[in-house]
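Secondary and tertiary structure notes
Each chain, letter by letter, is given below.
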Amino acid sequence: MNKYWRSIEELNDSSKLKQEELTNEIANKKALNDPESIETFASTRRDFLKVFGFSVAGAAVVASCKKPVEKAIPYLVRPEEIIPGQCNYYASSYFEENEYCGVLVKVRDGRPIKIEGNEQSSLTKGGTSARVQASVMSLYDLARYKEPLATGEKITWEKVNNEIPQKLEEIAQADGKIVLLTSTVISPTYRQVITELQERFQGLDWIQYDAVSSSGMLEANDRSFGKAAIPTYHFDKAKVIVSFGADFLGTWISPVEFTKQYSSRRNPDLKEQMSRHYQVESMMTLTGSNADERVVIKSSDEGIVLLNLYNEIAKQLGGTTYAVDQSSTDLSFIVRDLLLSKGESLVVCGSNNPDHQVIVNAINSMLGNYGATIDMISTNRVKQGDDRKMSQFVEDLLNGKVDALLAVDVNPVYNYPQGEAIKDAIEKLKLSVAFAKEKQETAEACKYILPLPHYLESWGDTEPTDGKFSLIQPTIHPLFNSRPVQEVFLAWCGKTGNYRDVIKFYWEANVFPKQTDNTEFTSWWNTVLQRGVFDEISVPEEQPIIDVTSLKATTTRIKSVSKTQGDVEVVVYEMNGKGNGAMANNPWSMEMPDSVSKVSWDNFAAISPRKAIELGVDNEDMVALGDLELPVFIQPGQEENTIAVALGFGRSVSGKVAEGAGFNVYPFINVVEGRRMYQAFSTVKKLNKTYPLAMTQTHHSMEGREIVREAVLEEYSRKANAGNESHERHEKHHVTLYDEPEFPAHQWGLAIDLNKCTGCGNCTIACQAENNVAVIGKEQVRNRRIMHWIRIDRYYSENPENPKTYHQPVMCQHCDNAPCENVCPVSATMHSNEGLNQMVYNRCVGTRYCINNCPYKVRRFNWFKYANNEKFDFNVNNDLGKMVLNPDVTVRSRGVVEKCSLCVQRIQEKKLEAKLENRQLNDGEIQPACMQTCPADAIVFGDLKDPESRISKLFEHPRNYHLIEELHTLPSVGYLTKIRNPHKG
Amino acid sequence: MGQIRGICRIVHSIILLVLLVDFSVVAAENPVDNDHQTQKKEVIKDGKRLFMGLLPFDRKHESCVSCHHVVAIDTFSWYPSALEIANLYHAKADKDLEKVLMEPMGNKMSEVHQEYQFKEEDVKAIKTYLDSLVVDNGVEPKPSVNNLFLFLFLGILITLSLVDLIFTRRIKYRIIPVIVLLACGGYQAKMLMFEAKALGRSKDYAPDQPIKFSHKVHAGENQIDCKYCHNTVDKSRSAGIPSVNLCLNCHSLVREGSNSGQFEINKIHQAVENGQSVEWIRIHKLPDHAYFNHAQHVGVAKLDCNKCHGEVEKMHVLKQESDMSMGWCVNCHRETHVNMGENKYYSSYKEQHEAYARGDKNAFTADELGSNDCMRCHY
């Protein structure tokens, strides 16, 4: 069996680690019994008085306690669709930080409280990402701009709409330069509005700027196909996937869409058709951790490796080869596989270097993937920012050639490498206007700050992929005095009216004609609004032909990098739950442990185990990376001389959550010939300092038992229970003296397919939003008190320099023979007649016996009162933030234990619905929060009493096993053995 | 010795506390006068006398206060209180009040205000008096001696008996302080226990509502179905307090009630005109950790509203009929039979359903199907 380990310390010397843990524990306990600290508790006469007075007063208050008078205020006129106590779902679209997702917004009594995936969307198909889940919290953020401001003073919108166009007019007439800086615009109506604005103010230059750009791909496709666009990918059609550093399951282009596609092909019952995934990368990404085979290379070697791969394929297929240095890595097994699955393979690359992308295009073209797994006709629009335009603008700005700047929802002061210089330049501008949702660096440097509505408050439309339209509709009246930027722009053009009508008008003229089924616009519009999405039926077109000369010019630039440029390579990346930093003030997002490192609240310098030994550093030691000091986190699977640091932290101007969390590493981005490169060379030096990191990695040790079961596809196709042989043995040994529990109607169960789960962490945040799970802050996370009801354990095995990685979501297992239930002295945790392990907060007295007796360590204790507590100044400490709470779930108080309830509120809701409709429950009708939005479809919930249900069939599956089943706890949660598909031979 | 001094200090501090509270009450009532205010005070005084009937304006009729009470009263009255009238006419002119008094509108008011004759200055004085009520922020209900004082008093007795028992020893028969101690302690314990048990419960709670809405008139005399107004009761968690526009379904025509005349019904129209909904006082409220769904009980189990809410159709003032304690819920679940034949959902309970179909066991209670499981209500 493989050796599984949780951290480098454990791998190196597990007995030492245990010894250290024990020593720490003893020291902590000693501190509690410290005689000095006890002395201070010796009571004095005054203390006696205090206590006496207190008890008298307390008792008296209890004796005369009266309920406060509460009011019940009905609607003056109840809107037809609103039933108090019932929730409504509205279809909408999420597009922030270049990530698109079709969503349903759950609105309860007028407040959006939860985001679900929209199953109607042909792109995201009901999946969401952790960021999408967390976005509802940003609506209720105290750091949002509440009023339009001019140099810090409140002004009215009327004044804004008078003053600014006047100034713009003046600048335009003096032939001054006006720049409109936006992030990528995927809304067709918004584009039209911008065109109108450009017509109104001659010489207005529109630049799209993405904090993390894919400009290299746009440029490469322009060179190869004459079309500066990102193609759409079909991972579901690919039998062999080769990714060069593209984190397509985490952050690359459209992760939710790709995860859906990818996981559909990760089913070992497809036998030979199950996809094989190779990842060639320099740092451990989420995607890399899911790969069947992972190859570690230096990011500076990527070009050479790619060109070598190209040459080898070209040799086999009779194409032109190009002279290049010898690659450091042998990828012949990948070449073999790719050649075997021509037209069914997919090579992707995450680099922003157009030369690398051109080679990838050439490889895909040779393999006949265009038209099969890649579509260059229907292109993806989520990243349109052109690096060279942006860097030209920055140069102009710094040289004083720009007169006016309109910055819409962008933050270059924070997320452009020359941020500080940009800030100074903006402050000197004649006119600077920032449209921003919440407090941010660029807006604070501008003269005018105009609040933008949150996407849940606004109208909008999107076209993330050619021909796939969707709508954004408001689900709450704007909380603050904000206005959509489009409405403001139209007002500057002298037009009045609201943006919805503009969208409707645009759709009537431009989108409505794209279909023929409906002839009446209003009824069609209402249907689309209800569904949220509209797909144009596309006519198949011939894929463009690749321009081979583009490759030739490229190959001369692919050279090995000389060693003199620095000791180490620094790679900056986005964490999948955190993004580029725009959502940094979101406490859910901030506290979510990173999918790979399991660190929350900070970014860090991820260093390979070998490099750490070489530098003599350990976790939490500080190193100087060039000028920047960063804490070390030892990350297995990291290339030896590569240090990876996440972007999106170290916000200097933001809300309370973001400020002071982590370090800003945007300055590491290199601007080479106007293109932003996310790699740099630097020096590394150990510092004699430490910095605490909130690591959740060593939480909840499973102590090396058979927790993750795995096999390879070859074994599995020979033997159905490969890797899971012990399950049968354990099943046979189930003997009990006690009565078996009886379930008259339902027995709820959950099955998790470890093959599909990518470990993205969406379920953690979905659960947090659904179940009012508290945010507790960095210090408490460090104290191992994180409250998440569903955690994703990440295990490594084998070689620490390039380990195999396992992701395993663990929540309450709802054991039928639950160890927690029989130790509770007050019966606060009991078994229901539907197989649920019930946790009753109002009975719990906080002995924590159950926590100690739970073999899965899934029970959470409220060490503090996390609501209405200044010490935990997150969303539940203010009235605005509390609006996100789910009114169907109790907010737990101090001193009680909590844990996963399998979303019992949803079970009850659907049961009631069935009763009211006089029918039986349908299989798949009840969906816990984690299952509903899982982008990988890895979680299945259902009734084990129904032999026809999906869950019953999965429980019968030979891959099914239970966690630590040898303990005879009889869990209602099953796991399906992980089956890898490595190459043969 | 130190201990004695300590206990003496306690007694001192308690006395001091009581004195302090008294003093602060006196201090708060000390107004600053000037000429204008003195004059106004005179007018208010006259108005008050008129209102109270001390200066009779008209021997034939009863004084204002006989119907429009000034102090909070325990009994229910259909007539608007002085404060309510004051609030309504505060922003209006004296003439308006005079007009209403001299030419009463509506049957009810015409009947009770028949042939009232007022002098102009009398109306003015009454109006000024009424305005003063508004300025003074209304009439506070009299404070009653509540359990707090009793509890504290018992506490003092306990302290004193302890002091005597251990230190001063003035009482000859040692048994007396012991008895006092035990009795007081026992009574305190009893108070604590009962109050703690009733904590958060509010059986018989029947607060005055902003509109004297009578369920007896609507559901009893006029036989309006509960679900006409509480129309989400069979489909939602909340039964739904009717929105104001629903009242107007009838009250756009029914402008005068048989009991309260136009005064109360006018409040609905005022609410609509002001765009501000009626702020009812909530009576039935479960604690936050208990989940209750009306749809399950009314929509599925087809329970009668009276089962929990009592004979609402006989209540002028709505009160909470049951204590809504957990024991009350659980007992009802134990006694109430589920009609398994009627709802197809219950065929999921295979064994029970078969038994039911065979007629082996005619009835299963809600409890037997699991309705008393913790997580049916607590999550």
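All of these numbers come straight from a predicted model, not from anything done at the bench. (Residues numbered from 1 in each chain as written. Chains lettered and ligands numbered in written order. Predicted model: local features only at pLDDT ≥ 70, side-chain atom pairs only at ≥ 80, totals over all residues.)

**Looking at the overall build of chain A**
In terms of helices and strands, chain A carries 32 helices and 44 strands. The C-alpha atoms of chain A give a radius of gyration of 29 Å, which matches the 30 Å a tight globule of 985 residues would have. Considered along the principal axes of its C-alpha atoms, chain A spans approximately 80 × 70 × 65 Å. A total of 985 residues make up chain A; the buried ones form 55% of that total. Sequence-distant contacts in chain A: of pairs separated by 6 or more residues, those separated by 24 or more amount to 73%. (Helix = DSSP H or I, 4+ residues; strand = E, 2+ residues; numbered from the N terminus. Rg over C-alpha atoms; globule rule 2.2 N^0.38 Å. Buried ≥ 20, exposed ≤ 12 C-beta atoms within 10 Å, placed from the backbone. Contact = placed C-beta atoms within 7 Å.)

**What to know about the sheet that holds strand β3 (residues 87-96) of chain A**
Residue and element names in this part refer to chain A. If you walk across this open sheet you meet the three strands as β3-β4-β5, and the pairing is antiparallel. Single-partner strands in this sheet number two, and they are β3 and β5 (111-117). Direction aside, the axes of adjacent strands within the sheet are offset by 35 degrees on average. Of the pairings in the sheet, the one linking β3 to strand β4 (residues 99-108) comprises ten bridges and is antiparallel in character. Across the sheet, S93 pairs through a bridge with G102, a residue of β4. Packed onto the sheet, helix α5 (residues 130-139) meets β3, β4 and β5 and runs at close to 170 degrees relative to β5. (Pairing = 2+ DSSP bridges. Axes fitted to C-alpha atoms, helices over the stretch in contact; angles between N-to-C directions.)

**Quick word on the interface of chain B and chain A**
Quoted interface sizes are often the accessible area lost when the parts come together. Contact with chain B, which involves 58 residues of that partner, is made by 52 residues of chain A. In terms of residue count, helix α7 (residues 147-168) of chain B provides more of the side of chain B that touches chain A than any other element does, five residues in total. For the side of chain B that touches chain A, the per-class residue count stands at 24 nonpolar, 24 polar and ten charged. Here strand β2 (residues 71-72) of chain A runs beside strand β1 (residues 280-281) of chain B; their pairing, made up of two bridges, is antiparallel. Counterpart to K71 of chain A in the pairing with β1 of chain B is I281 of chain B. (Nonpolar A, V, L, I, M, F, W, Y, C, P; charged D, E, K, R; others polar.)

**Observations concerning the domain arrangement of chain A**
All names here are of chain A. With domains assigned, chain A is organised as domain 1 (149-213 + 385-514), domain 2 (215-380), domain 3 (567-695) and domain 4 (710-735 + 745-980). For domain 2 versus domain 3, the separation of C-alpha centres amounts to 26 Å. Taken together, the contacts link 18 residues of domain 2 with 21 residues of domain 3. Among the elements that line the side of domain 2 that touches domain 3, the one with the most residues is helix α10 (residues 286-290), at three residues. (Domains from an automatic or database assignment.)

**Notes on the sheet that holds strand β11 (residues 240-244) of chain A**
Residue and element names in this part refer to chain A. In space, the four strands of this open sheet follow the order β13-β12-β11-β14, with parallel pairing throughout. In the strand order of this sheet, the two ends are held by β13 (293-296) and β14 (345-349), each with one partner. Taking the axes of each pair of neighbouring strands and ignoring which way they run, one obtains an average angle of 10 degrees across the sheet. Across four bridges, strand β12 (residues 276-281) lies against β13 in parallel orientation. Within the sheet, the bridge partner assigned to V280 lies in β13 and is V295.

**Regarding the environment of P242 of chain B**
Along the polypeptide, P242 of chain B turns up in the loop between α10 (226-229) and α11 (244-251). Each C-alpha atom of the pair P242 of chain B and N231 of chain B lies 7.8 Å from the other, and the pair is eleven residues apart in sequence. Sequence-distant contacts of P242 of chain B, defined by excluding residues within four places in its chain, comprise P74 of chain A together with C229, H230 and C247 of chain B.

**Some thoughts on the environment of F874 of chain A**
All names here are of chain A. Residue placement: F874 occurs in the loop between β39 (860-861) and α29 (879-882). Taking the number of C-beta atoms within 10 Å as the measure of exposure, F874 has 22 and is therefore buried. Separated by 490 residues in the primary sequence, F874 and Q384 have C-alpha atoms spaced 35 Å apart. Once residues lying within four places of it in the same chain are set aside, the contact partners of F874 are P587, V657 and V775.

**Considerations on the packing of helix α11 (residues 302-317) of chain A against helix α13 (residues 354-366) of chain A**
All names here are of chain A. With their axes 10 Å apart at the nearest point, α11 and α13 run at an angle of 20 degrees to one another. By the angle between their axes, α11 is roughly parallel relative to α13. For α11 against α13, the interelement crossing comes out left-handed. Facing E302, G303, L306, L307, L309, Y310, I313, A314 and L317 of α11, the residues of α13 in contact are D355, H356, I359, V360, A362, I363 and M366. Here the contact of α11 with α13 is built from residues that sort into twelve nonpolar, two polar and two charged. (Parallel < 35°, antiparallel > 145°, perpendicular 65-115°, else oblique. Left-handed = near helix turned anticlockwise from the far one by under 90°.)

**As for the confidence of the model for chain A**
With 92% of its residues at a pLDDT of 70 or more, chain A has an overall mean of 89. Below a pLDDT of 50 lies the segment residues 37-41 of chain A, which in the model reaches zero contacts outside its immediate sequence neighbourhood of four places, other chains included. (pLDDT = per-residue confidence, 0-100.)

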